[in-house]
Amino acid sequence: MQQLTAAPGGGQPAGEEFSLAERAYRALRDRLVMLEIRPGAPIHEEQLAQSLGVGRTPVREALKRLQYERLIITYPRRGTFATEVNITDLAHICEVRLELEPLAAARAARRATAADRAALTALRRELARTAPGRQDAELMHLDLQVHRAIYAAAHNPYLEDTLVRHDNLATRIWCLFLDRLSDMAGHVEEHGPLIEAVVAGQPERAARLARGHVEGFERAIRAVI
């Protein structure tokens, strides 16, 4: 049983305390994003509460947020389900990310605090250990960590919230085609120069690299569909 004894990642400072509802939300969000809860699977509050070691109220609050973020859907008299991954959403999601990812990267390069830069530098070291033989799921978690750390370093909560939601939806699409994508390690390693640009305070370079990363994501998906 997965007990919520520590707050999961997501771009927040290490050691920050979260409510049970927040922690339940983050745990369930990442299960849905990584397709550990499969698209179309039924969502049972009681089972989730037991698996997370919390009451049903925190789970219910988490599910309200997840429905707003298009990760679950509720049908009257049928119940609640994980949303399907619809490949037709790819263009819409990338359209938003192509505009906002470069903006967030540039803002992060200008506004990152010493703590932000330290967190990003630690992620850069983790990226340096990336190897082609590493498990794809582990690489996907690292990819999420990097994106969320950059969004947080931009210090614009509205921009961060929007990008986290769209990156989550993009990651679900990526996970759906993971077995057909040949260079997951290469995709994740692209974050290395981006992190370096943010840490070095180079907004134009950071924006250019962020945009190229999103364009590469869309090309890779379209090549296998």
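Draft legend 1. Region of interest: the pairing of strand 1 (residues 72–75). Here strand 1 runs beside strand 2 (residues 79–82); their pairing, made up of four bridges, is antiparallel. Looking at the pairing, Ile72 lines up with Ala82 of strand 2.

Draft legend 2. Just the layout of surface pockets, in detail. Its volume calculated, the second largest pocket comes out at about 310 Å³. Taken together, 16 residues make up the lining of the second largest pocket; nearest its centre are Glu69, Arg70, Asp89, Ile93 and Leu169. Mapped onto the lining of the second largest pocket, the elements with two or more residues apiece are helix 4 (90–111) and helix 7 (157–176). The element that contributes the greatest number of residues to the lining of the second largest pocket is helix 7, accounting for five residues. Of the residues assigned to the lining of the second largest pocket, the class counts are six nonpolar, four polar and six charged.

Draft legend 3. The packing of aromatic side chains, seen in detail. Under the criterion given, the structure shown has two aromatic pairs. Arranged with centres 6.0 Å apart and planes meeting at 55°, the rings of Tyr75 and Phe81 form a pair that is tilted. When its relative accessible area of 17% is taken as the criterion, Phe81 is described as buried. Ring centres of Trp174 and Phe217 lie 5.4 Å apart, and the angle between their planes is 25°; this geometry places the pair in the stacked category. Remark: Phe217 occurs in helix 10 (residues 203–224) and Trp174 occurs in helix 7; sequence separation between them is 43 residues. Using a relative accessible area of 4% as the deciding quantity, one classes Trp174 as buried.

Draft legend 4. Local environment of the pattern of salt bridges. This structure, assessed with the given rule, holds 13 salt bridges. A salt bridge links Asp30 to Arg29, with the shortest nitrogen-to-oxygen separation between them at 3.2 Å. Exposure class is identical for Asp30 and Arg29. Each is buried. Put simply, Asp167 and Arg97 hold a salt bridge, and the shortest N to O gap is 3.4 Å.

Draft legend 5. A look at helix 5 (residues 114–128). The first and last C-alpha atoms of helix 5 sit 21 Å apart over 15 residues, in line with the 21 Å expected at 1.5 Å per residue. Within the sequence span of helix 5, burial applies to Asp116, Leu120, Leu123 and Leu127. Down the axis of helix 5, the buried set is contained in an arc of 55°. They therefore lie on one face. Opposite the buried face of helix 5, at more than 90 degrees from it, the exposed residues are Ala114, Ala115 and Ala128.

Draft legend 6. Fine view of the nonpolar core. Within the largest apolar cluster, 61 residues are counted, with the highest numbers of intra-cluster contacts made by Leu28, Val59, Leu63, Leu66, Trp174 and Ile221. The element contributing the most residues to this core is helix 6 (residues 136–153), with eight residues. Ignoring sequence-local partners within four residues, the contact set of Val59 consists of Leu28, Glu45, Leu48, Ala49, Leu52 and Val54. Of all hydrophobic cores here, the second largest spans six residues; its members include Ala104, Leu159, Leu163 and Val164.

Parameters at a glance
Residues numbered from 1 in each chain as written. Predicted model: local features only at pLDDT ≥ 70, side-chain atom pairs only at ≥ 80, totals over all residues. Heavy atoms only, no water. Pairing = 2+ DSSP bridges. Helix = DSSP H or I, 4+ residues; strand = E, 2+ residues; numbered from the N terminus. 1 Å grid on protein atoms, 1.4 Å probe; cavity = no way out; pocket = protein on both sides within 12 Å on 5 of 7 lines; lining within 4 Å. Points joined across faces, edges and corners; volume = space filled by probe spheres on them. Nonpolar A, V, L, I, M, F, W, Y, C, P; charged D, E, K, R; others polar. Phe/Tyr/Trp six-rings, centres within 6.5 Å; stacked < 30°, edge-to-face > 60°. Buried < 20%, exposed > 50% of the residue type's maximum accessible area, 1.4 Å probe, protein only. Salt bridge = Lys/Arg side-chain N within 4 Å of Asp/Glu carboxyl O. Expected span 1.5 Å × (residues − 1). Arc of directions from axis to C-beta. Core = buried A, V, L, I, M, F, W, Y, C linked by side-chain atoms within 4.5 Å. Contact = heavy atoms within 4.5 Å.

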